[in-house]
Amino acid sequence: MEEALLFEQGAPGRCGVDLPEPSRGENRLGGLERTGDIGLPGLSEPEVVRHFVRLSQKNYAIDAGLYPLGSCTMKHNPRLNEKMARLPGFADVHPLQPTSTVQGALAVMDEVARWLKVLTGLPAVALSPGAGAHGEMCGMMAIRAAIDARGESRKRILVPDSAHGTNPATAVLCGFTVDPVPSDSRGRIDLSALKAKLGPDVAAIMLTNPNTCGLFENEIREAAAAIHGVGGFFYCDGANFNAIVGKVRPGDLGIDAMHINLHKTFSTPHGGGGPGSGPVVLSAALAPFAPLPFVVHGRQGLQLVEAPNGEHGGQAFGRVKAFHGQMGMFVRALTYMLSHGSDGLRQVAEDSVLNANYILAALQDELSPAYPGPCMHEVLFDDRFLKDTGVTTLDFAKAMIDEGYHPMTVYFPLIVHGALLTEPTESESRSSLDQFIATLRALARRAKGGDAAHFVQAPRLAPRRRLDETRAARNPVLRWRPPSPAQAAE
Ligand SMILES: *Cc1c(COP(=O)(O)O)cnc(C)c1O
């Protein structure tokens, strides 16, 4: 199962290609030429190909099986998206080309923006953020710019205790302070606790809907009215938009800014598979502060506003990314939108919710649902079903690896003890869900039957067993160094 690093496999002097000797022209490096080795491993082409194919086969992938990670929305990436993104007219354009030569690419951006605005019921969108967390930063910077423009110095951001860690991190990064709001016994925000925290120093609330417990915040309009009542803004974490797309327009709920993870709701690849993309939709109050650049319809066709001018972008807070954002992801997302149509997108939401509830219904007697009643697009269990078994949530998740599954999200949200959060997404068939359910039922029975040893030792069938994740995070070793002579002698 071991796969040595390329550096360990290679040897200096070996090469996969036959290059001609360089011609010895005049040296124009002014004495700065390299004298030592360049430090690349020497390998043949088949050695390189086999190394990467073997690594890819060790990787769990959405193309290899159900990927139940809650909150991440690991859905199928349609091949049609890839085909469109590879068209030379999209794949080979350069961001510095004259706009007259990239009218088609600008039309794609304009059309993605239009779909996002229609689906959310909000009038403006900033396309350039490179991920959900980056979109949060962009939205919060727009909120800050709007507050500064009013001459106010609001500092406090209300964040529910169930929030994704990026929410408080974003607020702090943008110079705000975080004030946590408790959740109630139904897993929703405690509205009276929220109201008690409101005051003239509150800049905004950051709320996720459906929230990280997989539940719809059914008092969201009251929350929006309350925050607006004290002059604050409403930021919505839209990572879970796939559960309500085509069914609910966030603008109708009173939301001022919301990021949309194209790599979640609109099926563009993520994780190791591709860059993220996190456009942010903005209300009329925030639209003037949207970052540059953006596409407008001008006299000579579509144009990019790259610098503030009298007509456009005068109050833009700046830029958040080089050029225009993840163009390849806009093509994929638009392909997904157009191939589904508005009725198909609504069905995405319905089927994602149906699939999660199917798992909930099939497992509720064997596992322990964190909250009563149906869920939205993800199903949340706590660890009560493991009580007195000697098996923890982590052990249970590790045992899933030996069954051929990637584990679900564990220990998140933090407010649920030993949380197990599963998001099947709408792309799974009933038979695939049945197989997953059967596996979890069998594991739960095994834990309750007293076989803790099976779990504590898992995973047995992976190239690595239990990793010291804390050490890996605190002391990452990202660079290979040749062994010292002493090490080599060992
Ligand atoms: C995924 C996610 C984010 C962050 O999005 P990235 O695209 O990973 O940066 C934020 N909030 C929630 C609830 C999420 O699920």
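In this text the structure is predicted, and so the values were computed from the model without any measurement.

1. Some words on the overall build of the protein chain
Point 1. From N to C terminus, the protein chain includes 16 helices and 13 strands.
Point 2. Computed over its C-alpha atoms, the radius of gyration of the protein chain comes to 26 Å, within 12% of the 23 Å expected for a compact globule of 490 residues.
Point 3. With respect to the principal axes defined by its C-alpha atoms, the protein chain has extents near 75 × 70 × 45 Å.
Point 4. Residues counted as buried form 49% of the 490 residues belonging to the protein chain.
Point 5. A fraction of 70% describes how many contacts in the protein chain between residues 6 or more apart in sequence connect residues 24 or more apart.
Point 6. Counting every atom, the protein chain has about 24100 Å² of accessible surface; 55% of that belongs to carbon and sulfur.
Point 7. Between the mean site of the 47 positive side-chain charges and the mean site of the 51 negative ones, the protein chain shows a separation of 1 Å.

2. Examining the site of the ligand
Point 1. Residues in close proximity to the ligand include S71, A131, G132, A133, E136, H164, T166, D237, A239, N261, H263 and K264, which together make up its full environment.
Point 2. At 2.8 Å, a backbone N or O of A133 approaches an oxygen atom of the ligand.
Point 3. Within the complex, 86% of the 380 Å² of free accessible area of the ligand lies under protein.
Point 4. The set of elements that each furnish at least two residues to the shell around the ligand consists of helix 6 (132-149) and helix 10 (262-265).

3. Examining the sheet that holds strand 4 (residues 202-208)
Point 1. Sheet architecture is open: 7 strands sit in the order 1-7-6-5-4-2-3, paired in mixed fashion. Where the open sheet ends on each side, the last strands, each with one partner, are strand 1 (124-126) and strand 3 (177-181). Taken pair by pair, the neighbouring strands of this sheet meet at an average axis angle of 25 degrees, ignoring direction.
Point 2. The pairing of strand 1 with strand 7 (residues 280-282) spans 3 bridges and is antiparallel. Residue pairing across strands places V125 opposite V281, the latter belonging to strand 7.
Point 3. Seen against the sheet, helix 5 (residues 103-120) touches strand 1, strand 6 (257-259) and strand 7 and runs at an angle of roughly 125 degrees to strand 1.
Point 4. Strand contacts of helix 6: strand 1, strand 2 (156-160), strand 4, strand 5 (233-237), strand 6 and strand 7, with the helix running at about 175 degrees to strand 5, the strand carrying the most contacts.

4. A closer look at the pairing of strand 8 (residues 294-298)
Point 1. As judged from the 5 bridges shared by strand 8 and strand 9 (residues 301-305), these two strands associate in the antiparallel manner. Note that in strand 9 the partner of H297 across the bridge is L302.
Point 2. If you look at the hairpin formed by strand 8 and strand 9, you'll find 2 residues sitting between the two strands.

5. Considering the domain arrangement of the protein chain
Point 1. According to the domain assignment, the protein chain contains domain 1 (80-336) and domain 2 (342-464).
Point 2. The gap between the C-alpha centroids of domain 1 and domain 2 is 30 Å.
Point 3. Taken together, the contacts link 26 residues of domain 1 with 21 residues of domain 2.
Point 4. Summed over both sides, the interface of domain 1 with domain 2 buries roughly 1800 Å², with 66% coming from carbon and sulfur.
Point 5. It is C213, N242 and Y336 that lose the most area in domain 1 upon contact with domain 2, and together they represent 25% of the buried surface on that side.
Point 6. Connecting domain 1 to domain 2 are 6 residue pairs in polar contact (both at pLDDT 80 or more).

6. Describing the pattern of salt bridges
Should the charged atoms of two oppositely charged side chains come close, the side chains can pair.
Point 1. Scanning the entire structure with this criterion turns up 27 salt bridges.
Point 2. Note that D63 and R79 form a salt bridge whose closest N and O atoms lie 2.7 Å from each other. Within this pair, whereas D63 is found in the loop between helix 2 (45-58) and helix 3 (79-85), its partner R79 is found in helix 3, the two being separated by 16 residues in sequence.
Point 3. Within the structure, one salt-bridge network assembled from shared partners comprises D365, E366, R441, R445 and K448.

7. What to know about the packing of aromatic side chains
Point 1. In this structure the tally under the stated criterion is 6 aromatic pairs.
Point 2. Here the aromatic rings of F7 and W480 are separated by 5.0 Å at their centres, their planes lie at 10 degrees, and the arrangement is stacked. Within this pair, whereas F7 is found in helix 1 (residues 6-9), its partner W480 is found in the loop between helix 15 (469-474) and helix 16 (485-489), the two being separated by 473 residues in sequence.
Point 3. Given a relative accessible area of 34%, F7 falls into the partly exposed group.
Point 4. The class of W480 is partly exposed, set by a relative accessible area of 31%.
Point 5. Ring centres of Y60 and Y67 lie 5.3 Å apart, and the angle between their planes is 85 degrees; on these two criteria the pair is classed as edge-to-face.

8. Remarks on the nonpolar core
Point 1. Counting 58 residues, the largest nonpolar core has L116 and F266 as the members making the most contacts within it.
Point 2. Counting only elements with at least two residues in this core, the list comes to helix 5, helix 8 (191-197), strand 4, helix 9 (220-229), strand 5, strand 9 and helix 11 (327-363).
Point 3. With 11 residues, the single largest contributor to this core is helix 11.
Point 4. Composition of this core by domain shows at least three residues from each of domain 1 (80-336) and domain 2 (342-464).

9. Considering helix 11
Point 1. Across its 37 residues, helix 11 extends only 41 Å between first and last C-alpha, which sits more than 12% below the 54 Å expected from 1.5 Å per residue.
Point 2. Along helix 11, the sharpest change in direction is near 100 degrees and occurs at G341.

10. With respect to the side chain of S71
Point 1. By secondary structure assignment, the location of S71 is in the loop between helix 2 and helix 3.
Point 2. Residues within four places of S71 in sequence aside, it is in contact with N240, K264, E378, F412, L421 and E423.

11. Structural notes on the state of the cysteines
Point 1. A full pass over the atoms with the stated rule returns 0 disulfides.
Point 2. The thiol sulfur of C72 is not disulfide-bonded, and the nearest other cysteine sulfur, from C213, lies at 15 Å.
Point 3. The exposure class of C72 is partly exposed, given its relative accessible area of 24%.

12. Brief notes about the sheet that holds strand 10 (residues 368-369)
Point 1. If you trace the 4 strands from one edge of the open sheet to the other, you get 10-11-13-12, paired in antiparallel fashion. Strand pairing shows two members of the sheet lacking a second neighbour, strand 10 and strand 12 (409-410), which therefore form its edges.
Point 2. Pairing geometry for strand 10 and strand 11 (residues 379-382), over 2 bridges, is antiparallel. Pairing of S368 across the sheet is with D382, part of strand 11.

Rules used in this analysis
- Residues numbered from 1 in each chain as written.
- Predicted model: local features only at pLDDT ≥ 70, side-chain atom pairs only at ≥ 80, totals over all residues.
- Heavy atoms only, no water.
- Helix = DSSP H or I, 4+ residues; strand = E, 2+ residues; numbered from the N terminus.
- Rg over C-alpha atoms; globule rule 2.2 N^0.38 Å.
- Buried < 20%, exposed > 50% of the residue type's maximum accessible area, 1.4 Å probe, protein only.
- Contact = heavy atoms within 4.5 Å.
- Areas by Shrake-Rupley, 256 points an atom, 1.4 Å probe, with all protein chains shown as cover.
- Lys, Arg positive; Asp, Glu negative; His and termini not counted.
- Charge placed at Lys NZ, Arg CZ, Asp CG, Glu CD.
- Near = heavy atom within 4 Å.
- Polar contact = N/O pair within 3.5 Å; in protein donor to acceptor, adjacent residues only side chain to side chain.
- Pairing = 2+ DSSP bridges.
- Axes fitted to C-alpha atoms, helices over the stretch in contact; angles between N-to-C directions.
- Domains from an automatic or database assignment.
- Buried area = accessible area lost by both parts, 1.4 Å probe.
- Salt bridge = Lys/Arg side-chain N within 4 Å of Asp/Glu carboxyl O.
- Phe/Tyr/Trp six-rings, centres within 6.5 Å; stacked < 30°, edge-to-face > 60°.
- Core = buried A, V, L, I, M, F, W, Y, C linked by side-chain atoms within 4.5 Å.
- Expected span 1.5 Å × (residues − 1).
- Bend = angle between axes of the 7 residues up to and from the residue.
- Disulfide = S-S within 2.5 Å.

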